[in-house]
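Examining the three-dimensional arrangement
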Amino acid sequence: MTSAPDTARAAAEAGPVVVTADGAVTTVRLARPEAMNALDVPTKVALRDALTTSAQDEEVRCVVLTGTGRAFCVGQDLREHVRLLGEGSDVLGSTVAEHYNPIALTLATMPKPVVAAVNGVAAGACAAFAFAADLRIVAESAGFNLAFTGIALSADSGSSWWLPRLVGAGKAKELLLLPRTIGAREALDLGLATEVVPDADLADRVREVAQRLAAGPTVAYGAVRRAVAYSLAHPLEESLAHEGELMTLTGATADHKAAVAAFLAKEKPVFEGR
């Protein structure tokens with residue numbers, strides 16, 4: 001079995017983002033362990049493109065986002081940021097539009113489940129990326145930090161959108177105005193984490209959950225994602241109408257027909273994701 005340091009070294013040598021497949025589960029792994037997976041431009045481009053490809057691939061039925069080494073991701077690479085500012089680059093304006101927003105939107109809207117395997121601290125934009133996932137399985141030693149105001153910046157990558165919906169407006173403002181590291185257990189209590197597991201069990205638990213999702217009714221999962229997002233921004237009557245449209249969509253799938261037939265036959269359904 002490959003040791004953890006060897007795994008981190010191999011990932012780093014392969015590029016800033018490593019994509020692996022395990023059946024219908026694709027894992028997108030940030031792989032700059034020497035920089036705690038900080039987001040420089042090559043990493044942001046690679047992450048954006050890897051997630052876009054995974055979202056569009058119909059063979060992929062669940063996506064896992066995680067980090068390599070002792071961090072999930074500490075957010076923007078500040079060394080690169082300072083250098084680009086010194087060169088007169090409009091780095092903030094360009095990177096939000098070209099990188100952070102597309103990454104956040106892809107995570108939130110792809111038509112399949114997304115699991116964040118939070119192996120270490122998730123800070124800044126990367127905390128927001130984890131919040132965009134459907135499930136956040138968090139190692140006991142991990143945590144979240146909304147570090148934006150600590151470097152005199154506002155929130156990005158959907159932080160101001162997801163946080164109030166997860167913890168309420170008051171708590172969201174507290175966490176953004178007074179940034180600190182929120183440990184795994186507190187994150188669970190607040191609703192930022194779906195589940196907390198011992199560090200040594202993280203990979204196995206994520207694999208178990210992801211494989212279960214990948215074996216499920218993918219179109220229905222995608223429809224649920226759309227329904228929840230829509231209902232957060234629309235009144236009841238419009239949300240009910242939208243649910244009706246999605247019910248028509250999922251009712252016409254092969255998976256629905258197979259599930260009904262299996263129920264009548266008192267058998268366990270087998271879903272094909274269509």
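Procedures and definitions
- Residues numbered from 1 in each chain as written.
- Predicted model: local features only at pLDDT ≥ 70, side-chain atom pairs only at ≥ 80, totals over all residues.
- Heavy atoms only, no water.
- Axes fitted to C-alpha atoms, helices over the stretch in contact; angles between N-to-C directions.
- Helix = DSSP H or I, 4+ residues; strand = E, 2+ residues; numbered from the N terminus.
- Parallel < 35°, antiparallel > 145°, perpendicular 65-115°, else oblique.
- Contact = heavy atoms within 4.5 Å.
- Nonpolar A, V, L, I, M, F, W, Y, C, P; charged D, E, K, R; others polar.
- Core = buried A, V, L, I, M, F, W, Y, C linked by side-chain atoms within 4.5 Å.
- Buried < 20%, exposed > 50% of the residue type's maximum accessible area, 1.4 Å probe, protein only.
- Pairing = 2+ DSSP bridges.
- Right-handed = clockwise from strand over helix to strand, strands pointing away.

**With respect to the packing of helix 10 (residues 218–231) against helix 11 (residues 236–251)**
Each pair of packed helices can be described by the angle between their axes along with the distance between the axes. Contact pair helix 10 / helix 11: the axes reach a minimum separation of 10 Å and the direction vectors enclose 170°. Put simply, helix 10 runs roughly antiparallel to helix 11. Every residue of helix 11 that contacts helix 10 at V219, A220, A223, R226, A227, Y230 and S231 is listed here: E238, S239, H242, L246, L249 and T250. Counted by class, the contact of helix 10 with helix 11 contains seven nonpolar, four polar and two charged residues.

**Here's the deal with the nonpolar core**
Within the largest apolar cluster, 62 residues are counted, with the highest numbers of intra-cluster contacts made by L47, V118, F129, F144, L163 and L192. Looking at this core, the element that brings in the most residues is helix 5 (residues 125–132), giving seven residues.

**Remarks on the pairing of strand 2 (residues 25–30)**
It is a general feature of regular strands that their side chains alternate between the two faces of the sheet. Among the six residues of strand 2, five are classified as buried, and the element is accordingly described as predominantly covered. Pairing geometry for strand 1 (residues 17–22) and strand 2, over six bridges, is antiparallel. Residue V19 lies in a different strand from strand 2, and its bridge partner there is V28. Bridge count for strand 2 against strand 3 (residues 62–67) is six bridges, and the pairing is parallel. The residue bridging T26 from the neighbouring strand is V63, located in strand 3. Remark: the strand 2/helix 2 (residues 41–56)/strand 3 crossover connection has right-handed handedness.

**Side note on the sheet that holds strand 6 (residues 121–123)**
Spatially, the four strands line up as an open sheet ordered 4-6-8-9, and their pairing is mixed. Pairing within the sheet leaves two strands with one partner each, and these edge strands are strand 4 (71–73) and strand 9 (182–183). Sheet topology places strand 6 next to strand 8 (residues 143–145); three bridges connect them, and they run parallel. Bridging across to strand 8, V121 finds its partner in G143. Along the sheet, helix 5 makes contact with strand 4, strand 6 and strand 8, crossing strand 6 at roughly 105°.

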